[in-house]
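This is what each chain is made of:
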Amino acid sequence: MLVDTGGLLSVPKSGNVGVDGIAITRGGGQDALSAAVKEAHMAGLPAMIERQAAVAIEDAKTVIFVVDGQAGVTSADKDIANWLRKNHSNKKIILAVNKCESPTKGFQQAIEFWSLGFEPMGVSAISGTGTGDLLDAVCLGLESSKVEDVSSEDDTRVPSIAIIGKPNVGKSSILNALVGEERSIVSPVSGTTRDAIDSEVTGPDGQVYRLIDTAGIRRRTAVAAGGSKTEELSVNRAFRAIRRADVVALVIDAMACITEQDWKLSERIVKEGKGCVIVVNKWDTVPDKDHKSTVHYEQDVREKLRGLEWAPIVYTSAIDGKRVTKILDAAIEVEKERSRRLTTAILNQVVHEAMALNPPPRTRGGKKGRLYYCTQAAVRPPTFVFFVNEAQLFPDVYRRYMEKQLRSNVGYRGTPIRLLWRSKKKSDKDSKESSSKEALAETSV
Ligand code: GDP
């Protein structure tokens, strides 16, 4: 995973205040600059390192420290190099001296940076010079990340619950209410709680759960339109939190609209095969509530977050701690469902009954889809393989029907389930192995 950081402080173009000759890109004005300098100072960072860059470095295995070869070594470069050496000696630091495209001067420009104490690599982003070697250097020694063997049951694993949502919906307040102590700063200023923080709680079932508190997410368009890189990093962090999680608590403010941003997050949850609990927070702020309020609200949520129709909804008021533990209860249930295995016998009974009730459509040529058998191939998320005569004889609408039947008969509330449709030739329909050429079609729902 490659994280691109803002890295350096920024001021508006008009202000054009350089920090020791560093290229200035974008930002929120002089006030933002002084606030950022103060924040960096308080965090014990050199003034020119943004806190988010520091967080990104914290998480990284390898750091590409990019300097400007044409500008030469600046005192800011030296500060950063010293800071990296002092605080991150355990990481691989690659010094990329950019803008060294000149065949005559490039080499000289790069070797000047030996003074920083790292081996300089002359590169040019604009011409591509040296970028292949840079990539080799980055990859060297990095292990490929291991894909979790979802079928292995491991009693020692700690299920993770990520709390995500837009800024100010109450994520940190929820976390504080759950862990029972002030673990992250809560402030009415949007975006004041930016870093993901992991905490552990023991659920009512005695199992330990990890809570991942994430930064809020700004609309990507705002980011694209010149918002700070910090926000871009927050989006990455939320997506990364989803990836790390087993169950995602998607928090929505009861009085704010569900936006495209929420929908994008929901889409990502489904794509990653994660469990989900929809948390409608600030329920205390909804005026004139009656017994129908939740019904109306649910209709709206279901309408706008269609991909998550299977996710339970919890209504909370984090400010006074009301019903917040219901999030944990729901997440625990979801995690159980996500890890549940069905016996092949029950599965086949359900699937064959569904087929009998509503057979797949015949093609014009009179061909008909036939199911040989179905098996659950994996958990987290539950994944079912349907061995059929020809996968293409089972159209999307039929696959959705089958998923609905599975859900209504055997549950799986709160988790996506995956249905894979695999064609088997007549000759090998009894064999569990199939040739690699067979069509593999997937519906992810
Ligand atoms: P985050 O940015 O999503 O982490 O949101 P915070 O937890 O920092 O909360 C943002 C603001 O909303 C703070 O002023 C909280 O006190 C307030 N807040 C959080 N939860 C609730 C709630 O349930 N009801 C009300 N009325 N305010 C809340």
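For the structure given in this document, a descriptive report is provided here. Being a predicted model, the structure only gives us computed values, none of them experimental.

## A closer look at the nonpolar core
Part 1 of the reasoning: Counting residues in hydrophobic clusters, the biggest one holds 28 residues, and the most contacted among them are Ile-164, Leu-250, Cys-276, Ile-278, Tyr-297, Leu-305 and Leu-308.
Part 2 of the reasoning: Looking at this core, the elements that each hand over two or more residues are strand 4 (160–165), helix 8 (229–244), strand 7 (247–253), helix 9 (260–271), strand 8 (275–281), helix 10 (293–304) and strand 9 (313–315).
Part 3 of the reasoning: Discounting residues that sit within four places of it in the chain, Leu-250 has contacts with Ile-164, Gly-165, Asp-262, Leu-265, Ser-266, Ile-269, Cys-276, Val-277, Ile-278, Val-279, Leu-305 and Leu-308.
Part 4 of the reasoning: Tyr-209, Ala-249, Val-314 and Val-324 belong to the second largest nonpolar core, which has 24 residues in total.

## Some points on the environment of Ile-417
Part 1 of the reasoning: Residue placement: Ile-417 occurs in the loop between helix 13 (396–410) and strand 12 (418–423).
Part 2 of the reasoning: Placed 33 residues apart in sequence, Ile-417 and Phe-384 show a C-alpha to C-alpha distance of 7.9 Å.

## What to know about the packing of aromatic side chains
Part 1 of the reasoning: Going through the model one piece at a time under the given rule, you end up with nine aromatic pairs.
Part 2 of the reasoning: Relative to Tyr-297, the ring of Trp-283 lies with its centre 5.5 Å away and its plane at 90 degrees, an arrangement referred to as edge-to-face. Of the two residues, Trp-283 is situated in the loop between strand 8 and helix 10 and Tyr-297 in helix 10; the sequence distance between them amounts to 14 residues. Each member of the pair Trp-283 and Tyr-297 is classed as buried.
Part 3 of the reasoning: Ring centres 5.4 Å apart and planes at 50 degrees place the aromatic pair Tyr-398 and Tyr-401 in the tilted group. One end of the pair is Tyr-398 and the other is Tyr-401, both in helix 13 and three residues apart, which spans about a single turn.
Part 4 of the reasoning: Residue Tyr-401 is classed as buried on the basis of its relative accessible area of 16%.

Conventions adopted
Residues numbered from 1 in each chain as written. Predicted model: local features only at pLDDT ≥ 70, side-chain atom pairs only at ≥ 80, totals over all residues. Heavy atoms only, no water. Core = buried A, V, L, I, M, F, W, Y, C linked by side-chain atoms within 4.5 Å. Buried < 20%, exposed > 50% of the residue type's maximum accessible area, 1.4 Å probe, protein only. Helix = DSSP H or I, 4+ residues; strand = E, 2+ residues; numbered from the N terminus. Contact = heavy atoms within 4.5 Å. Phe/Tyr/Trp six-rings, centres within 6.5 Å; stacked < 30°, edge-to-face > 60°.

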